[in-house]
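# Working through the structure, step by step
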2 protein chains.
Amino acid sequence: MENAAPALDRAGQALYRQLYEYFIREIRTGRLAAGEKLPSRRRLAADAGVSVNTVDTAYGMLAAEGYVEARPRSGYVVCRLEARPAAPARRAPPPAPPRAAAPRWRFNFATSTIDTGLFPFKTWRRIQRDVLAQDPSLLNPGPRMGDENLRAAIAVHLHEYRGAVCTPEQVVIGAGIEYLAGLLAQMFRAETFAVEDPGYSRTARILANAGAQAAFVPVDSQGMDADALAASGARLAYVTPSHQFPTGVTMPAARRYELLRWAAAAPERWIIEDDYDSEFRFDSRPLPCLQGLDEAGRVIYIGTFSKSVAPAIRVAYMVLPAGLLGRWQAMYGSYSCPVSRMEQQTLCRFMESGAFARHLARLRIAYRRRRDALVQALHRRLGGAVRVYGAHTGLHLLAALPGAPGEKALVEAAAARGVHCTALGDYRQGPVPADAPDAAVPAAVLGYAGLSEGQIGPAVDALADAWGAWLPGAGG
Amino acid sequence: MENAAPALDRAGQALYRQLYEYFIREIRTGRLAAGEKLPSRRRLAADAGVSVNTVDTAYGMLAAEGYVEARPRSGYVVCRLEARPAAPARRAPPPAPPRAAAPRWRFNFATSTIDTGLFPFKTWRRIQRDVLAQDPSLLNPGPRMGDENLRAAIAVHLHEYRGAVCTPEQVVIGAGIEYLAGLLAQMFRAETFAVEDPGYSRTARILANAGAQAAFVPVDSQGMDADALAASGARLAYVTPSHQFPTGVTMPAARRYELLRWAAAAPERWIIEDDYDSEFRFDSRPLPCLQGLDEAGRVIYIGTFSKSVAPAIRVAYMVLPAGLLGRWQAMYGSYSCPVSRMEQQTLCRFMESGAFARHLARLRIAYRRRRDALVQALHRRLGGAVRVYGAHTGLHLLAALPGAPGEKALVEAAAARGVHCTALGDYRQGPVPADAPDAAVPAAVLGYAGLSEGQIGPAVDALADAWGAWLPGAGG
């Protein structure tokens, strides 16, 4: 075959690669047909002004990919390719998806952030460094349900802080609550899950993605309505008893036993207890979790280190009842643990050394002061017109303002003053009942973990400016 | 109410907690009935020999949980509890599940491990330390598809090393290939996926867990059989074209175009390209991936840093075709990225600084030497009786021994000499066809990334001892 030497761009890509791509174009467009020979290595090297090694590399790639094949004494010959797929014009690169909304809020009452100033950077870095230096085997795959020592540390922590009763073998490590909830949703794909309304919209999304059904069950002043749960036909109930999200309700004992009785009353009924921010109880010691009261083995407990360490450390955990371990093993026993072992081990040493307990104690003091500052400032600036709910535990509260014209107005007026918050109604999942209390009394959800203590006063000043017209006697 | 003071164990749990649990027992067993009053704070403090503060804490917990309520002038009164659930005896803690099998192999040819001695500990630790020191905001939640700079670094890497064509907006970060494949399986739950046979058993497991169907399609000497794919009725094909797992076949260009043509020939057909160890190509430059040849936008590319950095760093990624971004966003747009941001940022700086490229170059040299040592030792010790397949790329190869009585015998004889390897047939997914080549010629899968260069010779000596009886002229 005689062929003009390809024009190579000496300032461009590697020369072997330009040669390789040149021949692919020639073959794909049919200018080099099946059975034709490529130029000899030396000829092409001379014509193109490159080394023979460069040609060898390009030809080797073409041969390895099956564009050409080496024939004894003939050199390389073009292979027969199947007809190419009908090629629509290559789509333009897709437009960038909308960025995560990141307006520069003056004050952000989001429920998902923490104050990074409280993080024990020095301790964490020291442990992290030691972990990697001391055990290179951590680079290789670890146990599939999570590293054993971390699972043991979590079992101890849950017993001490949450009154949970479990062995390390029941603990599964996952990359965030969404990951674990997603696997549970698959496990019970054929079933209906009762979910709290209002509640986490992500739970309904996860269920829908797995093909499971969600039944929205109203939350009253004690948490998920047990009669409505019984009437829903659901086999699983996904609840947040410590600090219902977003209403802040703590489920009292009577309701807890009602739920446990519901679960025990029929086979294959399970309660999923999402205990997302339970370490932060301010007005009494932390309450035992539902799992700790469950004697029938029907509670699946889920927790996370998002609030107690950091949201960006994607470590969550689940306690499976003994009756589900075999089923878990059958479905997920071959899955690798999705959390980096270095982070598992850093966290484990953080817990075992006592640093976690000290950190939690410090966090509780700091967050309690913020809670106090927030509640006091709301009452001082908004007077008796504001009602505060759900402030005894967790890292957010509800501020309801009966005089406001609606929740949208509350949130928008705050945003106009540079304050971000969400409305209770934003978390409503099913249709809004005509007599929904949150429809009657507009309420804002205020997460305060991301604001420093010093920001709380000015943030509430801004809220008071935003909402002042709706206070009694404001003459608005 | 008159009541004997509870007997407290001064060496046991915190006193407030013992009091709290004492009263829960009294209430749950009915010894304290609804409506009865608790002892006054001062009386109980005096009787039990504890401080009033301790009593307050215990009573506060009981009240917060709804066991008792405070009544003005009456102190605390026991609440009415719903009947408790019928309580079967608490299950004993479940037995510990079988540990990950960890016999002390002399030589381990597993395909999942790497040689940790090659890891750039110093560089990684330095970057890790700097990342955390320089940007505390990394503790808070990041973009849901992954940090933007990491996605950009991956897009550049894929273009340079794999010939992929994509924008950073098409890249999704996930916690391992299983995580990403699981989300895809849910996305196409109603469909049938063609999977390679033999192939990764985890793929079939992930599909079954999501409720999707798997059609097992045979692998021939060029990869997935395109005619069998077309006949399978599948809408999705899950393939490993660079280095088919476990046969080691590299799919030639003609077969690649056949697959692309299949995908483009009907709406809603997609190819999932799992490029799990593609950075390691020894006998020519790395081959462009199927995604880079796809002009119809039908290839979903999945890769991982398990082999190129470490298995324990659970970072994988996916390149979505533009036509699937909207659907992804609708299903998973509210999911948090499951990978720790600190690890995302450490990896990102590792890539951006050029350290990753240097590390890959070192790995390729080291692994090529091991591959060479392994192939040479196999030929030297087993002579012409052994056939080696799939050694040009990736981190494992196939050693077939026609004279062996079967694969089970191959693996067991090796195990008896302290050598761990798996059989090709272990990865067979569907029924074994009578004329399956791997049934006719017993073959072992030898992963060599976890063995040092110096271990290769002795490991093959052990294999030769194990398999020597089946060599021609061995007189066995």
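Residues numbered from 1 in each chain as written. Chains lettered and ligands numbered in written order. Predicted model: local features only at pLDDT ≥ 70, side-chain atom pairs only at ≥ 80, totals over all residues. Heavy atoms only, no water.

## Quick notes on the overall build of chain A
- Of regular secondary structure, chain A possesses 16 helices and 16 strands.
- At 31 Å, chain A has a C-alpha radius of gyration far larger than the 23 Å of a compact globule built from 476 residues.
- Here the C-alpha coordinates of chain A stretch approximately 95 × 60 × 50 Å along the principal axes.
- Sorting the 476 residues of chain A into buried and exposed places 58% on the buried side.
- In chain A, once contacts between residues fewer than 6 apart in sequence are set aside, the share between residues at least 24 apart is 72%.
- Accessible surface, chain A as shown: approximately 18300 Å² in total, 50% of it carbon and sulfur. (Helix = DSSP H or I, 4+ residues; strand = E, 2+ residues; numbered from the N terminus. Rg over C-alpha atoms; globule rule 2.2 N^0.38 Å. Buried < 20%, exposed > 50% of the residue type's maximum accessible area, 1.4 Å probe, protein only. Contact = heavy atoms within 4.5 Å. Areas by Shrake-Rupley, 256 points an atom, 1.4 Å probe, with all protein chains shown as cover.)

## A closer look at the relation of the copies chain A and chain B
- For the pair chain A and chain B, the superposition axis carries a translation of 0.0 Å, the fit reaches an RMSD of 0.1 Å, and the rotation angle comes to 180°. Such a combination of rotation and displacement between the chain copies is what one expects of a two-fold axis.
- By residue overlap, the copies meet face to face through one surface: 100% of the interface positions of chain A are interface positions in chain B. (Least-squares fit on C-alpha atoms with pLDDT ≥ 70 in both.)

## Looking at the confidence of the model for chain A
- Confidence in the prediction for chain A averages 87 pLDDT; 90% of positions are at 70 or higher.
- In the model, residues 83–101 of chain A has pLDDT below 50 throughout and makes 29 contacts with residues more than four positions away in sequence or in other chains. (pLDDT = per-residue confidence, 0-100.)

## Section: a positive patch on the surface
Residues and elements named next belong to chain A.
- On the surface, Lys122, Arg126, Arg358 and Arg362 cluster together to form a positively charged patch.
- Those elements giving two or more residues to the positive patch turn out to be helix H4 (121–134) and helix H13 (355–382).
- Turning to its location among the elements, Arg126 is positioned in helix H4. (Patch = residues over 30% accessible without salt bridge, like charges linked within 9 Å, V, L, I, M, F, W, Y side chains within 5 Å. Salt bridge = Lys/Arg side-chain N within 4 Å of Asp/Glu carboxyl O. Lys, Arg positive; Asp, Glu negative; His and termini not counted. Charge placed at Lys NZ, Arg CZ, Asp CG, Glu CD.)

## Regarding the interface of chain A and chain B
- Contacts between the two partners involve 106 residues from chain A and, on the opposite side, 108 residues from chain B.
- For the pair chain A and chain B, the summed buried surface comes to about 9100 Å²; carbon and sulfur atoms form 59% of the total.
- On the surface where chain A and chain B come into contact, there are 0 salt bridges.
- Connecting chain A to chain B are 23 residue pairs in polar contact (both at pLDDT 80 or more).
- The element that contributes the greatest number of residues to the side of chain A that touches chain B is helix H9 (residues 253–264) of chain A, accounting for 8 residues.
- Of the residues belonging to the side of chain A that touches chain B, the class tally is 57 nonpolar, 22 polar and 27 charged. (Buried area = accessible area lost by both parts, 1.4 Å probe. Polar contact = N/O pair within 3.5 Å; in protein donor to acceptor, adjacent residues only side chain to side chain. Nonpolar A, V, L, I, M, F, W, Y, C, P; charged D, E, K, R; others polar.)

## Some remarks on unusual backbone geometry
All names here are of chain A.
- The linkage connecting Asp197 with the following residue, Pro198, adopts the cis geometry, with an omega of 0°.
- As for its placement among the helices and strands, Pro198 is situated in the loop between strand S5 (192–197) and helix H7 (201–210).
- Backbone geometry at Glu268 places phi at a positive 65°, although glycine is not the residue there.
- On the secondary structure map, Glu268 appears in the loop between H9 and strand S9 (270–274).
- Exposure remark for Glu268: the relative accessible area of 30% places this residue in the partly exposed category.

## With respect to the domain arrangement of chain A
All names here are of chain A.
- The domain architecture assigned to chain A consists of domain 1 (15–78), domain 2 (120–354) and domain 3 (358–470).
- Centre-to-centre separation of domain 2 and domain 3, based on C-alpha positions: 27 Å.
- Counting residues at the interface gives 34 residues for domain 2 and 25 residues for domain 3.
- Of the roughly 2500 Å² buried between domain 2 and domain 3, counting both surfaces, carbon and sulfur atoms make up 58%.
- Connecting domain 2 to domain 3 are 1 salt bridge.
- Measuring nitrogen to oxygen at the nearest pair gives 3.8 Å for the salt bridge that ties Asp197 to Arg428.
- Counting every contact that joins domain 2 to domain 3 gives 16 residue pairs in polar contact (both at pLDDT 80 or more).
- Elements that contribute at least two residues to the side of domain 2 that touches domain 3 include exactly helix H5 (148–162), S5 and H7.
- Tallied by class, the residues present in the side of domain 2 that touches domain 3 amount to 15 nonpolar, 12 polar and 7 charged. (Domains from an automatic or database assignment.)

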